[in-house]
Amino acid sequence: MIRINDIIDKMVVNNPEADVDLVERAYVYSARVHQGQMRLSGEPYLTHPLEVAGILTDMRLDPESVAAGLLHDVVEDTKATPEEVEEMFGKEVRHIVSGVTKLSTLPFGSKQARQAESIRKMLLAMADDIRVILIKLADRLHNMRTLQFHKEIKKRAIAQETIDIYAPIASRLGIYWIKNELEDASFKYIMPEEYASINTMVSKDREEREKYIDTVKSYVKKKMDESNLKCVVLGRYKHFFSIHQKMITQHLSFEEVYDIIAFRIILDTIPQCYEALGIVHSLWKPIAKKFKDYIGVPKPNMYQSLHTTVIGPYGERIEIQIRTHEMDRVAKAGIAAHWSYKEGKKGENDINARFAWIQSLVENQAEFRDPQEFLENVRIDLFPDDVYVFTPQGEIKSLPKGATPIDFAYLIHSEVGNQCTGAKVDGRMVPLKYELQTGNIVEIVTSKGHHPSKDWLNFVKTVKARSRIRQWIKVQEKDRSLSLGREMCEKTFRKHRLNFNSLTRSEEMNNVVEHFGFKTVDDLIASVGYGKTTPLQIARRFAAQTEPEVEDSSLINKLIRKVRKKKQPQAGVVVKGLDDILVRYGKCCQPVPGDPVTGYITRGFGVTVHRTNCVNALKMNPDRQIDVQWSEEVSQSYPVKIKLTSLDRVGLLADIASSISKNGANILSVNTETKDDKSVDSFITLGVENTAHLKKVLSDLNKIKYVQGVRRVG
């Protein structure tokens, strides 16, 4: 366990003028308020804030950050108050601690809503002071290091959130050592079998690989010395999660992943980097399209390096990175490298400009109140592989990989996006679904009175574009639903001898509107048009006031009511607030129990259930959305389509069928296609019980000889 003296000593080494008194006082206060609290490991709770502060010290952060690391849990887990923290340690420390604190004291309808609001708050605080997220990353890193003490279901949930949210944030901030450790730790708990398999395969030939690393390092060092280039040469293993991702995305076996080992050459100056690159290319033949110059064009997170892949001394591929010592420091620490003591409390003057994506992320997420949609959009925002395009005036714009002219138009302005009718890329007209490439000059053609198309949701990549298109769809349907809802209400009210038009202006109507959770009468009427509320529900609120209900207490009617209450659901999902309603499953995404799902009301066809990230669901008006959940009382088989990629061989289909059968899944249909290169794509529709069942089937299929990859389709 790290001690406070170790932290103080490191701080003094980093900066002899550091305010260690602030950190010492924070330690004493944290020890006092956490006294008696224990972690699941059985250690005193104080070990956690000490470890977090130790990580922050290793990142060379300022004393306020280290003090906030020691105090980051005091408001959430003890009787300490934000006001007390401010009084003892100042406004700056209070602000950072408040940004890190979770929203555990606020009431939310679900764990997902709590998680969404906690992340939303963290992003807002992060946009205001980047140190909030640095402390949160250190907190999450230590939690992942001690995750083994949690229950199995909690381990998976925390690991999934880590790989979805925190690892991408670390990557966007350029703190790759934290990103890599978070990914590998999460991988271990989310896919334990795959993790163990890669660990075994890497360990198997480790001694031989160590010799290979030493041989290549010595040879490169010798050649650099001959050219009077003073350098450090390093060899390293790729991280397990990185190896797994490459195997999945490129359909490779472990033996085919060539860059399990990568080399790094670190020099003093930029000219030396390019000179070293020339020497490497003269030694070994470079592979076309595998060279990237991140020195000339740095990544948005400040990362700089030359990347090249060459055919090595034994005919194998070698990945080599070449950078300066300063670039290496930034590559390891990312934004934290620009938050040293000498640069003052706010870091570099251009720090906000460098990380404008944080502000953009906050703005994009501001209007999403649905927890699932918010979390999904945060993931989209955090995973871009940026391309850089130009406006006709020469202004550079950054967009995620795969972005289209529609995304570019909405980036310029919402009205430009709404009125977009065409686009020119490098002077020629292109389809609106054209994928933009770095260096393109993009010009948008607009037309007044033009409106977005629902089909755009099939190919737009940015959250801003998607949200603006959905907003237009919502407005478009509002008037039509208002008119239809009014007509339906008038008809139903007449049957109950009530005057709908006069009642809409009464005080009673305001009470009814409030009862159904709406703000205005128009919102309530529109919900009838959408199909979310029935006119009979509204009419009964008035009928109950004018016609007292006579309770039928006969024995037979009591029995009928009792039977109705015990009626078993006929579908695999339960629709919130509605009984005996037709439920269908979206053929586009084929949801199965365990998938996050949402329902959409369709006129005449009941409720259609989609996976929450289904593109077709995103096209629908949000006001038609209704909460659904999987029923625990109904057990049945659900169809799901998978794609299996493999090399052709005798008996392949028999082995696939046998593996599926052993796992208790049913094959509903099979379609195979053999290509010229002897690879086979098999599209199989299975009947499975839930996502856990599906995952087991996919895992076992992956183990079949010559199978390169298997994934769910849709």
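Our structure is the block above this text.
Heads up: these notes are all about the structure in this document. (Residues numbered from 1 in each chain as written. Predicted model: local features only at pLDDT ≥ 70, side-chain atom pairs only at ≥ 80, totals over all residues. Heavy atoms only, no water.)

**Concerning the sheet that holds strand S18 (residues 666–674)**
Read across the open sheet, the 4 strands follow the order S18-S19-S17-S20; overall the sheet is antiparallel. One side of each edge strand has no neighbouring strand; the edge strands of this open sheet are S18 and strand S20 (707–712). On average, each strand axis in the sheet is inclined to that of its neighbour by 20 degrees, with strand direction left out of account. Sitting on the sheet, helix H29 (residues 652–662) is in contact with strand S17 (638–647), S18, strand S19 (679–688) and S20, with an inclination near 155 degrees to S18. (Pairing = 2+ DSSP bridges. Helix = DSSP H or I, 4+ residues; strand = E, 2+ residues; numbered from the N terminus. Axes fitted to C-alpha atoms, helices over the stretch in contact; angles between N-to-C directions. Contact = heavy atoms within 4.5 Å.)

**Observations regarding a positive patch on the surface**
A cluster of like positive charges, contributed by Lys290, Lys292, Arg317 and Lys401, occupies part of the molecular surface. Mapping Arg317 onto the fold places it in strand S5 (residues 317–324). (Patch = residues over 30% accessible without salt bridge, like charges linked within 9 Å, V, L, I, M, F, W, Y side chains within 5 Å. Areas by Shrake-Rupley, 256 points an atom, 1.4 Å probe, with all protein chains shown as cover. Salt bridge = Lys/Arg side-chain N within 4 Å of Asp/Glu carboxyl O. Lys, Arg positive; Asp, Glu negative; His and termini not counted. Charge placed at Lys NZ, Arg CZ, Asp CG, Glu CD.)

**Examining the sheet that holds strand S12 (residues 583–585)**
Spatial ordering of the open sheet is given by S12-S14-S13-S15, a layout of 4 strands whose pairing is mixed. Each end of this open sheet is capped by a strand with a single partner; those strands are S12 and strand S15 (625–626). With 3 bridges connecting them, S12 and strand S14 (residues 606–611) associate as parallel partners. Within the sheet, the bridge partner assigned to Val583 lies in S14 and is Val607.

**Remarks on a negative patch on the surface**
Taken together, the side chains of Asp205, Glu207, Glu208, Glu210 and Asp214 present a region of like negative charge at the surface. For Asp214, the position within the fold is in helix H13 (residues 206–226).

**Remarks on the environment of Gln272**
Assignment of secondary structure puts Gln272 in helix H15 (residues 270–283). A C-alpha to C-alpha distance of 8.9 Å links Gln272 and Arg323, two positions 51 residues apart in sequence. Setting aside its immediate chain neighbours within four residues, Gln272 contacts Leu229 and Leu267. At a separation of 3.0 Å, a polar atom in the side chain of Gln272 contacts the main-chain amide nitrogen of Asp268. (Polar contact = N/O pair within 3.5 Å; in protein donor to acceptor, adjacent residues only side chain to side chain.)

**Quick notes on the packing of aromatic side chains**
Each aromatic ring pair is described using two quantities: the centre-to-centre distance and the angle formed by the ring planes. Taken as a whole and judged by the stated rule, the model has 12 aromatic pairs. The interplanar angle of 70 degrees and the centroid separation of 5.7 Å between the aromatic rings of Phe187 and Tyr195 together place this pair among those described as edge-to-face. Ring centres 5.8 Å apart and planes at 45 degrees place the aromatic pair Tyr219 and Trp284 in the tilted group. On the criterion of sequence distance, the pair formed by Tyr219 in helix H13 and Trp284 in the loop between H15 and strand S3 (292–293) is long-range, its members being 65 residues apart. (Phe/Tyr/Trp six-rings, centres within 6.5 Å; stacked < 30°, edge-to-face > 60°.)

**Considerations on the packing of helix H2 (residues 20–33) against helix H4 (residues 63–71)**
Where H2 contacts H4, the axes come no closer than 9 Å and their chain directions differ by 5 degrees. The pairing of H2 with H4 is recorded here as roughly parallel in orientation. Where H2 abuts H4, its residues Leu22, Val23, Ala26, Tyr27, Tyr29 and Ser30 lie against Pro63, Glu64, Val66, Ala67, Leu70 and Leu71. Taken together, the residues that form the contact of H2 with H4 break down as 10 nonpolar, 1 polar and 1 charged. (Parallel < 35°, antiparallel > 145°, perpendicular 65-115°, else oblique. Nonpolar A, V, L, I, M, F, W, Y, C, P; charged D, E, K, R; others polar.)

By themselves, these observations are geometric and do not establish any function.
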